[in-house]
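The primary structure of each chain is shown beneath.
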Amino acid sequence: QVQVVESGGGLVQPGGSLRLSCATSGIIFSSFNWAWYRQAPGKERELVATFTPGDSPYYLTSVKGRFTISRDNAKNTVYLQMDSLKTEDTAVYYCRGSGRFSDLDYWGQGTQVTVSS
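What comes next concerns the included structure. (Residues numbered from 1 in each chain as written. Predicted model: local features only at pLDDT ≥ 70, side-chain atom pairs only at ≥ 80, totals over all residues. Heavy atoms only, no water.)

A few words now on the overall build of the protein chain. Looking only at helices and strands, one finds 0 helices and 11 strands in the protein chain. Mapped from its N terminus to its C terminus, the protein chain presents α and β elements in the order β-β-β-β-β-β-β-β-β-β-β. Against the globule reference of 13 Å for 117 residues, the protein chain gives a C-alpha radius of gyration of 14 Å, in line with a compact fold. Seen through its C-alpha atoms, the protein chain measures out along the principal axes to roughly 40 × 30 × 30 Å. The buried share of the protein chain, taken over its 117 residues, is 38%. Of the contacts made within the protein chain by residues no fewer than 6 positions apart, 55% connect residues no fewer than 24 positions apart. In the structure as shown, the protein chain presents an accessible area of about 6,400 Å², 47% of it carried by carbon and sulfur atoms. Positive and negative side-chain charges of the protein chain, numbering 11 and 10 respectively, have mean locations separated by a distance of 3 Å. (Helix = DSSP H or I, 4+ residues; strand = E, 2+ residues; numbered from the N terminus. Rg over C-alpha atoms; globule rule 2.2 N^0.38 Å. Buried < 20%, exposed > 50% of the residue type's maximum accessible area, 1.4 Å probe, protein only. Contact = heavy atoms within 4.5 Å. Areas by Shrake-Rupley, 256 points an atom, 1.4 Å probe, with all protein chains shown as cover. Lys, Arg positive; Asp, Glu negative; His and termini not counted. Charge placed at Lys NZ, Arg CZ, Asp CG, Glu CD.)

Below, the discussion takes up the environment of N33. Topologically, N33 is positioned in strand 4 (residues 32–39). Taking the C-alpha atoms as reference points, N33 and T50, 17 residues apart in sequence, are found 7.8 Å from one another. What N33 contacts, discounting residues up to four positions off in sequence, is R96, G97, S98 and R100.

Grouped together as the largest cluster of nonpolar side chains are 27 residues, with contacts concentrated most on W36, V48, F67, L80, M82 and Y93. Secondary structure elements with two or more residues in this core: strand 3 (18–25), strand 4, strand 5 (46–50), strand 7 (67–72), strand 8 (77–82), strand 9 (91–99) and strand 11 (111–115). Excluding residues within four positions of it along the chain, V48 makes contact with W36, Y37, R38, Y58, Y59, L60, V63, F67, L80 and Y93. (Core = buried A, V, L, I, M, F, W, Y, C linked by side-chain atoms within 4.5 Å.)

Counting across every chain of the model gives 4 salt bridges. In this structure, the salt-bridge partner of D89 is R38, at a minimum N-O distance of 3.0 Å. Taken together, the residues D89 in the loop between strand 8 and strand 9 and R38 in strand 4 connect sequence positions 51 residues apart. Each member of the pair D89 and R38 is classed as buried. The partner of R66 in a salt bridge is D89, and the shortest N-O contact between them spans 2.7 Å. (Salt bridge = Lys/Arg side-chain N within 4 Å of Asp/Glu carboxyl O.)

What follows concerns the packing of aromatic side chains. Counted according to the given criterion, the structure contains 5 aromatic pairs. When the ring of F32 is compared with that of Y106, the centres are 5.6 Å apart and the planes differ by 45 degrees; the resulting orientation is tilted. Note that F32 is positioned in strand 4 and Y106 in strand 10 (residues 105–107), a separation of 74 residues in sequence. Accessibility expressed as a relative area gives 6% for F32, which makes it buried. A ring pair is formed by Y94 and W107, whose centres lie 6.4 Å apart and whose planes are at 80 degrees; its orientation type is edge-to-face. Of the two residues, Y94 sits in strand 9 while W107 sits in strand 10, which places them 13 residues apart along the sequence. In textbook terms, an aromatic cluster arises when at least three aromatic residues are bridged by ring pairs, as seen for F29, F32, W34 and Y106. Across from the ring centre of Y79, 3.9 Å away, lies the NZ or CZ of R19, which sits over that ring. (Phe/Tyr/Trp six-rings, centres within 6.5 Å; stacked < 30°, edge-to-face > 60°. Lys NZ or Arg CZ within 6 Å of the ring centre and 35° of its normal.)

If you want it as structure tokens, here you go:
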């Protein structure tokens, strides 16, 4: 059974940090491209960060320099370190795995991040 499970969300003050985790099982982790998306109330879902074939991951312009995507292949887990959080970062954050050699596409259930004083 395929599982993609995000965790680590919560309520944080502006300027604070959170580390999101996306734990996966039931799949060949390396056969997927992994990315983080987010969706704020009343807005469309947007790509926040993803790995690219080159050395540098892609980041949404508004999070560059504050967010860092990483992965632990041994643990089949993707992370999103979020620093210097702003109120506009408030959203539900989703992990997505899209097949590199197939049309498989998996999403997690999302984790709520609320940045508020």
